Amino acid sequence: MPSIAAQLFLAYQDRDWERARRLLRDDAVMLWHCSGECFRGADAIVHVNRVYPEGWSIRLLQDNLLTDGRWHVVAQVDHGEARFFANSLFTLEHGLISQIEEYWASAEAPPAWRAGLPGRARLEAAQPA
């Protein structure tokens with residue numbers, strides 16, 4: 001069974017916004033470190049995901065319990081020709097998500113100078129859609 005953290009991504013993939021909302025504490029906070037944004041409150045967290053321009057799909061890559069009690073989820077998001085990766089840390093309180101810290105990255109071609117380096121290979125998951 002996926003963790004409650006992974007279940008949030010699965011609810012987003014299903015566009016089941018009510019289910020997503022039920023997984024969050026009312027006072028949950030989401031931090032997007034790469035863009036310097038903070039969303040306060042479960043309704044704000046669900047809303048920003050609900051209004052994100054359509055056409056995306058989510059694939060869970062990792063779902064791990066960390067030694068400090070947080071959950072770590074890595075998700076791949078394909079949106080048209082673009083591919084993104086979310087590296088997310090979830091804090092739970094009383095069985096609900098209280099904080100999400102996300103680091104988003106865009107899949108991109110490696111720089112030419114690394115071509116042919118010893119031991120180098122391409123990851124299939126990193127290839128653009």
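Here the structure is a predicted model, which means the values were calculated and not measured.

Engineer: I would appreciate a short explanation of the pairing of strand β1 (residues 24–32) in the present structure.
Structural biologist: Looking along a regular strand, one sees side chains alternate from face to face of the sheet. One ladder, built from five bridges, connects β1 with strand β6 (residues 96–106); its direction is parallel. Looking at β6, one finds that methionine 30 is bridged to isoleucine 100. Remark: four residues form the turn of the hairpin made by β1 and strand β2 (residues 37–40), two consecutive strands paired antiparallel; glycine 36 in that turn has positive phi of roughly 70 degrees.

Engineer: Explain the packing of aromatic side chains to me, please; I cannot follow it from the model alone.
Structural biologist: Inspection of every chain in the model, using the stated rule, returns four aromatic pairs. Judged by centre distance (6.2 Å) and plane angle (80 degrees), the ring pair of phenylalanine 9 and phenylalanine 90 falls under edge-to-face. With phenylalanine 9 in helix α1 (residues 4–13) and phenylalanine 90 in strand β5 (residues 82–93), this residue pair connects regions lying 81 residues apart in the sequence. Accessibility expressed as a relative area gives 1% for phenylalanine 90, which makes it buried. Seen from their ring centres, tryptophan 32 and phenylalanine 39 are 4.9 Å apart, and the 65 degrees between their planes marks the pair as edge-to-face. Judged on exposure class, the residue tryptophan 32 and its partner phenylalanine 39 are both buried.

Engineer: Help me out: how do you make sense of the layout of surface pockets in this one?
Structural biologist: Unoccupied space between atoms shows up once a probe the size of one water molecule is rolled over them. Considering only enclosed or pocket space, the largest pocket measures out at about 380 Å³ in volume. What lines the largest pocket is a set of 19 residues, and nearest its centre among them are Trp32, Asn49, Tyr52, Val77 and Trp104. Of all the elements in the fold, those that place two or more residues in the lining of the largest pocket are α1, β1, α3 (42–50), β3 (56–65) and β6. Tallying contributions element by element places β6 first for the lining of the largest pocket, with four residues. Among the residues making up the lining of the largest pocket, the classes are represented as 13 nonpolar, four polar and two charged.

Engineer: Looking at this structure, I do not really get the nonpolar core. What am I missing?
Structural biologist: Buried together is how nonpolar side chains tend to be arranged in soluble globular proteins. Counting residues in each nonpolar core, the largest one holds 27 residues, and the members touching the most others are Leu8, Tyr12, Leu24, Ile45, Phe90, Ile97 and Ile100. Residue assignment for this core shows that the elements contributing at least two residues are α1, α2 (17–22), β1, α3, β3, β4 (71–79), β5 and β6. Among the elements that make up this core, the one with the highest residue count is α1 (six residues). Isoleucine 100 has contacts with Leu8, Leu24, Val29, Met30, Leu31, Ile45, Leu89 and Phe90, leaving out every residue within four places of it along the chain.

Reading the values: the criteria
- In this convention, every chain numbers its residues from 1, walking through the sequence in written order.
- Owing to the predicted nature of the model, reporting of local features is limited to residues with pLDDT of at least 70; listing and counting of side-chain atom pairs is limited to 80 or more, with chain, interface and lining totals taken over all residues.
- Values reported for side chains reflect all heavy atoms of the structure, with hydrogen atoms and water molecules removed beforehand.
- A strand pair is defined by DSSP finding two or more bridges across the two strands.
- The numbering of helices and of strands both runs from the N terminus, where a helix is a DSSP run of H or I of at least 4 residues and a strand a run of E of at least 2.
- Here a Phe, Tyr or Trp ring, Trp counted by its six-membered ring, pairs with any other such ring whose centre lies within 6.5 Å, and the pair is stacked when the planes are under 30 degrees apart, edge-to-face when over 60, and tilted otherwise.
- Here's how the labels work: a residue is buried when its accessible area is under 20% of the maximum for its type, exposed when over 50%, partly exposed in between, all with a 1.4 Å probe on protein chains only.
- Here a cavity is any set of points on a 1 Å grid over the protein atoms alone where a 1.4 Å probe fits but cannot get out, and a pocket is any open set with protein on both sides within 12 Å along at least 5 of 7 lines; a residue lines the site when it has an atom within 4 Å of a point.
- Grid points are joined across faces, edges and corners, and a volume is the space filled by probe spheres set on the points.
- Amino acids are sorted into nonpolar (Ala, Val, Leu, Ile, Met, Phe, Trp, Tyr, Cys and Pro), charged (Asp, Glu, Lys and Arg) and polar (every other residue, Gly among them).
- The set of buried Ala, Val, Leu, Ile, Met, Phe, Trp, Tyr and Cys residues whose side-chain atoms join them within 4.5 Å is what this entry labels a nonpolar core.
- A contact between two residues is defined here by any heavy atoms of the two lying within 4.5 Å.

The quantities given are spatial measurements derived from coordinates; they are silent on function.
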